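# Observations on the three-dimensional arrangement
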Amino acid sequence: MPENHFGYPSDLGRGGVRICHKSASIWKPGAHLAAHCSPQKQLQSRDGIPVLPDFTKMNLSPEQRLVVLEAKVKAIEGVVGDHTQDIAAVEEKQEKHAEILAGLGGGGGGGGVKVSFTAALRCSGAGTIGPSQEKITVTYENVITNVGDAYNPETGIFTAPVKGVYFFTVTASGEGHGHVGTGVCLHRNDEHTVVAWNRQPHQKVSTTNSVSLLLENGDNVCVKLWPNSWLFDNDSNLSTFSGHLLFPM
């Protein structure tokens, strides 16, 4: 089909613009564009948005210009709707990634905090504490690991830096005795949680126990000597206290 100098088919009506094949009715004032055809397919487009003809070079009535403008507005609304759906999909993926990071300790209330420590009873040499009739707090002086600096070797107390689930292990070693046991108990604040205890009349005695605890920010965890028990250690680090943040809450 031949074209005029505006780049549109020359058999179009006056003005050289066709919104759809029903050009005779499209220019009726108040006629609805969607009742005829898709404006996106009839106008030249860039990135899905119609490029309007140069009204200054065309003899269009106000009603005709309004119809062309309505075509572009309708096309823009469609493009915006598609982009809105894309943005919603991206935001949904971001939320899922944030949940995954929180589960790995890289986000959420923990803010990526890493906590892990292990300490042994003595820094050097061999020695025993106890027995005692009271539950005295054990200070593990030989710090092997203390990521996050949540364990204090001077007091023997671990302080939770964030709310979360923590895993603790205590290991106790001692000399065999007919009336004195080897054992400790783990305390959360002033609450007794688990005990590691054993007794035999001869040779070395060892025992261990573990527990997972939900701690609030600032909660304290420590090990106390079990009544009428003692605890032995030497350079082999036989009696230890360990803890790790599993995940923040």
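Okay, so let's go over this structure. Not measured: the values here are computed from a predicted model.

## Observations concerning the overall build of the chain
The secondary structure content of the chain amounts to three helices and 14 strands. In the chain, which comprises 249 residues, the share counted as buried stands at 36%. Taking contacts inside the chain between residues at least 6 apart in sequence as the whole, the part at least 24 apart equals 69%. As displayed, the chain offers around 14000 Å² of accessible surface, 52% of which is attributable to carbon and sulfur atoms.

## Quick notes on a nonpolar patch on the surface
Where nonpolar side chains cluster on the molecular surface, the patch consists of Phe-167, Leu-214, Leu-246, Phe-247 and Met-249 and spans about 440 Å² of accessible area. With respect to the element layout, Phe-167 can be found in strand β8 (residues 164–175).

## Considering the nonpolar core
In this structure, Tyr-140, Phe-158, Tyr-166, Phe-168, Val-184, Leu-186 and Phe-241 are the most contacted members of the largest nonpolar core, which totals 28 residues. Residue assignment for this core shows that the elements contributing at least two residues are β3 (116–120), β8, β9 (181–188), β10 (191–198), β11 (204–215), β12 (220–225) and β14 (240–248). In terms of residue count, β8 provides more of this core than any other element does, four residues in total. In this structure Phe-158 touches Val-115, Phe-117, Ala-150, Tyr-151, Tyr-166, Phe-168, Leu-215, Asp-219, Asn-220 and Val-221, once residues within four positions along its chain are discounted.

## Considerations on the pairing of β14
The sheet contact formed by β3 and β14 spans five bridges and is antiparallel. When the bridges of β14 are listed, Thr-118 appears paired with Ser-242. Two elements, β8 and β14, share eight bridges in a ladder whose sense is antiparallel. If you follow Gly-164 over to β14, its bridge partner there is Pro-248.

## What to know about the packing of aromatic side chains
With the rule as written, the count across this model stands at nine aromatic pairs. Both rings, one in Phe-117 and one in Tyr-151, keep their centres 5.0 Å apart while their planes meet at 0 degrees; by these two values the pair is stacked. Of this pair, Phe-117 sits in strand β3 while Tyr-151 sits in strand β6 (residues 151–152); the two residues are 34 residues apart in sequence, bridging distant segments of the chain. Look at Phe-117 and you get buried, because its relative accessible area is 1%. Judged by its relative accessible area of 3%, Tyr-151 is buried. Plain terms: the ring middles of Tyr-166 and Phe-168 are 6.3 Å apart, the flat faces sit at 20 degrees to each other, and that makes the pair stacked.

## Observations regarding the pattern of salt bridges
Side-chain pairs of opposite charge can arise whenever the charged atoms involved come near each other. Counted by the stated rule, this structure contains three salt bridges. Between Arg-188 and Glu-191 there is a salt bridge, with the nearest N and O atoms lying 2.9 Å from each other. Residue class for Glu-191 comes out partly exposed when judged on its relative accessible area of 40%.

## Description of the pairing of β3
Of all the five residues making up β3, four are buried; the element is thus mostly covered by neighbouring parts of the structure. Where β3 meets strand β5 (residues 142–147), five bridges bridge the pair, whose relative direction is antiparallel. The residue of β5 that forms the bridge with Phe-117 is Asn-146.

## Considerations on the side chain of His-187
In this structure, His-187 sits in strand β9. Among residues more than four places away in sequence, those in contact with His-187 are Lys-135, His-192, Thr-193, Asn-220, Val-221, Cys-222 and Lys-224.

The rules behind these values
Residues numbered from 1 in each chain as written. Predicted model: local features only at pLDDT ≥ 70, side-chain atom pairs only at ≥ 80, totals over all residues. Heavy atoms only, no water. Helix = DSSP H or I, 4+ residues; strand = E, 2+ residues; numbered from the N terminus. Buried < 20%, exposed > 50% of the residue type's maximum accessible area, 1.4 Å probe, protein only. Contact = heavy atoms within 4.5 Å. Areas by Shrake-Rupley, 256 points an atom, 1.4 Å probe, with all protein chains shown as cover. Patch = residues over 30% accessible without salt bridge, like charges linked within 9 Å, V, L, I, M, F, W, Y side chains within 5 Å. Salt bridge = Lys/Arg side-chain N within 4 Å of Asp/Glu carboxyl O. Core = buried A, V, L, I, M, F, W, Y, C linked by side-chain atoms within 4.5 Å. Pairing = 2+ DSSP bridges. Phe/Tyr/Trp six-rings, centres within 6.5 Å; stacked < 30°, edge-to-face > 60°.

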